[in-house]
Amino acid sequence: MSKEKKHLVIIGGGFAGLNLLRKIDKSKYRVTVIDRNNFHSFPPLFYQVASAGIDPAGISYPLRREVHHYMKDGVRFNLGTVKSIDTENQRIVTDNEVIDYDLAVIAAGTTNNFFGIENLQHLVYTLKSTGEALTLRNEVLRRLEMASIEPDDNKRREMLRFVVVGGGPTGVEIAGAIGEMKRYIIDREYPRIDKKEISITLIEGSDRLLGTMNQKSSELALKYLNNLMVDVEFGKIMKSYDGTTIECGDGSQFTSSLVIWTAGVTTVSFDFDGQQPEYGRGRRIVVDSFNRVKGINNVFALGDISIMTADPQFNEGHPQLAQVAIQQAKNLAKNLNKEKFESSFKYNDKGTMATVGRNRAVVDLKHVCFGGFWAWMTWMFIHLISILGARNRLTVLINWIWSYFTYGSSLRMLFEASKMPDNTPQNKQ
Ligand SMILES: Cc1cc2nc3c(=O)[nH]c(=O)nc-3n(C[C@H](O)[C@H](O)[C@H](O)COP(=O)(O)OP(=O)(O)OC[C@H]3O[C@@H](n4cnc5c(N)ncnc54)[C@H](O)[C@@H]3O)c2cc1C
C-alpha cells in the first residue's frame, strides 16, 4: 500500500458510500469502506421483501464484490458498526477495531424515529433494513398459517388485523402490497381464511397521502388503496401503543397486534470526541455546499445523514432520497479528485414515484404527473435499472414476471433461523 496516498474512510456502503467509492480516484486515495453489513441494500424494494414479492438476495449486493474490483488499488472493506469518531486524533472506533483516517466520509443514512413514544421500538414492525423486512414477512406469513387453523372467530380476526402507521411512500407501498395479498393470494393459497376477515388500515396524521408529492398523486394513491380494500384514516397522530391498542391524538383508537411503523426517520448517530458537528432538522449533520461537515476538519457527510441549506432551490435541505445521495457522492468525488473545492452541489431533481399494487403507481416528474399502468411500468423500469448487479436485475425481473402471471408462492415459505447451537454470539446476547 502506498504510504503517500491519503487514507479516505467511508462509513456506510449505501447509495452515497458506494457511489463515492466508484468515482474516487484510487491513485490519490487509499480507501476503506466500513459497513455494519457486508452488503449494499436497496431500500425502495424492502416493502416487496416484506410482502414476499421478491427474494432479499435480489436487492442486496455484496460489498466485497465491489471492493474486489479495486483490490490492487488498496481498497478495503471492514465489517463493523461505527460507534464513535475521534476528530482530534482522526480515528474511527467500530465495535471491532480502531481505524485512523486522513479524510472521513459519513454516509450512514437514517434509522427509525419513534418520536419518544414509550416502548414503541419493541412493539411495532419496521422497514428500515432487509432484516426488518424479513421479520415482517415471516410474521405476516406465520399469521396466515395460524389463522388457517384457528377455530375461534375473534382470535382469527385479531391475527388478521394489520395497521400501517404513516402515509408516505413506504406506508402506501406496504399497505398496497398487503392489500394485494388479500385480494389475489388468500383465496388461492389460504382457502380456509375468509378474506373479509382481513383488515388493513393505514393511519396518517395529515389530510393526504404522499405529502411530498403532487395533490393528484395523493388522490390517485388513495383511490388505488381503496380498490385494494385498505381503509385510510386521515388526521390520526399516534400517541401511544401497548401492543394491542393504538391511541391517537384526537382520542380515536385502533386495535391491532401487528402494527407497521413507517412514520418517521432520524439519522444514525455516533459519539464525537473533540470537534462536534452541528445538527439540523431531523438530527441531520449540517454540511456546507461541498458536503464538508461544519465545525470538523477533514470530515464530510453525504446523503440522508446530512443537511445542506446552501442549495438555493432547497434552502430547508434536500429530500432524503437515493438520487440526492448519489449526486452528492459524485460531486464530492469530483472535488476530492481535483483536490480543490470548486464545484458546489446542486441537486438535479429527477422526480419521485410510488407504487400501489400491481398495474398501479403514481409518478411526479418535473413537468408532468401521471398514474395508472404506464406509471407502474415507469416505476418498474426505473427500479429495475437502479438495482445493483446484472444477476440481481435478472432475478428480480424473472420474479416479477413469474408472479405477475402465476401469483407464484415460492417466496412465501417460512424459513426461521435455528436456535442451535446456543453458544453463538447472537444467542448469548
Ligand atoms: C423503505 C424505504 C423505501 C424508500 N424508497 C425510496 C424510493 O422509492 N426512492 C428514493 O429515492 N428513495 C427511497 N428511500 C430513501 C433512500 O433509500 C435513501 O434516501 C438512500 O438510501 C440514502 O442513501 P445513503 O447512502 O445516505 O444511506 P443508506 O443507503 O441508508 O446507506 C447507509 C449505509 O450505512 C450503513 N450503516 C448505518 N449505520 C452504520 C454504522 N453505525 N456503522 C457502519 N455502517 C453503518 C448501513 O448498513 C447502510 O449500508 C427509501 C427508504 C426506505 C427506508
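Values in this document were obtained by computation on a predicted structure and should not be read as measured data.

Conventions and cut-offs
For every chain, the first residue of its written sequence is number 1, and the numbers climb from 1 along that sequence. Owing to the predicted nature of the model, reporting of local features is limited to residues with pLDDT of at least 70; listing and counting of side-chain atom pairs is limited to 80 or more, with chain, interface and lining totals taken over all residues. In this entry, domain limits derive from an automatic or database-based domain assignment. Contact criterion: two residues are in contact if their C-beta atoms, reconstructed from the backbone, are within 7 Å. The way it works is that DSSP assigns letters per residue, a run of H or I at least four long becomes a helix, a run of E at least two long becomes a strand, and they are numbered from the N terminus. In this count, Pro and Cys sit with the nonpolar residues alongside Ala, Val, Leu, Ile, Met, Phe, Trp and Tyr, while Asp, Glu, Lys and Arg are called charged and the others, Gly among them, polar. Paired strands, in this sense, are two strands between which DSSP finds at least two bridges. For each residue, a C-beta atom is placed from the backbone, and the residue is labelled near a molecule or strand when this atom is within 6 Å of it. Residues with at least 20 other C-beta atoms within 10 Å of their own are called buried, those with 12 or fewer are called exposed, and the rest are partly exposed. The C-beta atoms themselves are positioned from the backbone. All axes here are fitted lines through C-alpha atoms, helices being fitted over the stretch that makes contact, and every angle between N-to-C directions spans 0 to 180 degrees. Our angle categories are set so that under 35 degrees counts as roughly parallel, over 145 as roughly antiparallel, 65 to 115 as roughly perpendicular, and the remainder as oblique. Crossing handedness is read from the near helix: turned anticlockwise from the far helix by less than a right angle, it gives a left-handed crossing, and turned clockwise, a right-handed one.

Details of the domain arrangement of the chain
For interface size, the figure often reported is the accessible area lost on association.
Argument step 1. Segmenting the chain into domains produces domain 1 (6-112 + 266-338) and domain 2 (120-263 + 351-406).
Argument step 2. Facing 23 residues of domain 1, the contacting portion of domain 2 comprises 28 residues.
Argument step 3. Elements represented by at least two residues in the side of domain 1 that touches domain 2 include exactly β3 (39-41), α2 (46-50), β4 (60-62) and β10 (110-112).
Argument step 4. Ranked by the residues each element gives to the side of domain 1 that touches domain 2, the list is headed by α2, at 5 residues.
Argument step 5. Taken together, the residues of the side of domain 1 that touches domain 2 break down into 13 nonpolar, 9 polar and 1 charged.

What about the pairing of strand β14 (residues 238-241)?
Argument step 1. Note: β14 against strand β15 (residues 245-248), 3 bridges, orientation antiparallel. Bridging from a neighbouring strand, Y241 pairs with I246 of β15.
Argument step 2. The hairpin formed by β14 and β15 contains 3 residues between the paired strands, and G243 there has a positive phi angle of roughly 100°.

Topic: the site of the ligand
Argument step 1. Around the ligand sit 32 residues, and of these G12, G14, A16, G109 and G303 come closest.
Argument step 2. Counting residues per element, the ones that place at least two in the shell around the ligand are α1 (15-23), β2 (29-35), α7 (169-189) and α9 (322-338).
Argument step 3. Looking at the shell around the ligand, its residues break down into 17 nonpolar, 11 polar and 4 charged.
Argument step 4. If you count residues domain by domain, the shell around the ligand takes at least three from each of domain 1 (6-112 + 266-338) and domain 2 (120-263 + 351-406).

Some points on unusual backbone geometry
Argument step 1. For F115, which is not glycine, the phi torsion reads 50° and is therefore positive.
Argument step 2. In this structure, F115 sits in the loop between β10 and α4 (120-123).
Argument step 3. Backbone geometry places N298, a non-glycine residue, at a positive phi of 65°.
Argument step 4. Relative to the helices and strands, N298 is located in the loop between β20 (285-287) and β21 (299-301).
Argument step 5. Given 16 C-beta atoms within a 10 Å radius, N298 is considered partly exposed.

Looking at the sheet that holds strand β23 (residues 352-355)
Argument step 1. On the basis of which strands lie adjacent, the open sheet formed by 3 strands has the order β23-β24-β25 and antiparallel pairing. At either end of the open sheet lies a strand with only one pairing partner, and these are β23 and β25 (369-372). Taken over all neighbouring pairs, the strand axes of this sheet differ in orientation by 5° on average, direction set aside.
Argument step 2. Against the sheet, helix α10 (residues 373-386) touches β23, β24 (361-364) and β25, its axis set at about 75° to β24.

Quick look at the sheet that holds strand β16 (residues 253-255)
Argument step 1. Read from one edge to the other, the open sheet built from 3 strands follows the order β14-β15-β16, with strand pairing classed as antiparallel. Across the chains shown, the open sheet's two edge strands, defined by having one partner strand only, are β14 and β16. Recorded for the sheet is a direction-independent mean angle of 20° between the axes of neighbouring strands.
Argument step 2. Across 3 bridges, the pairing between β15 and β16 is antiparallel. Counted as the bridge partner of T245 is T255 from β16.

With respect to the packing of α1 against α9
Any two packed helices are characterised by the angle at which their axes cross and by the distance between the axes.
Argument step 1. At a closest axis distance of 8 Å, the pairing of α1 and α9 adopts a crossing angle of 30°. With respect to each other, α1 and α9 are oriented roughly parallel. Handedness of the α1/α9 crossing: right-handed. Seen from α1, the contacting residues are F15, A16, N19, L20 and K23; seen from α9, they are A322, A325, I326, Q328, A329, K330, L332 and A333.
Argument step 2. Here the contact of α1 with α9 is built from residues that sort into 9 nonpolar, 2 polar and 2 charged.

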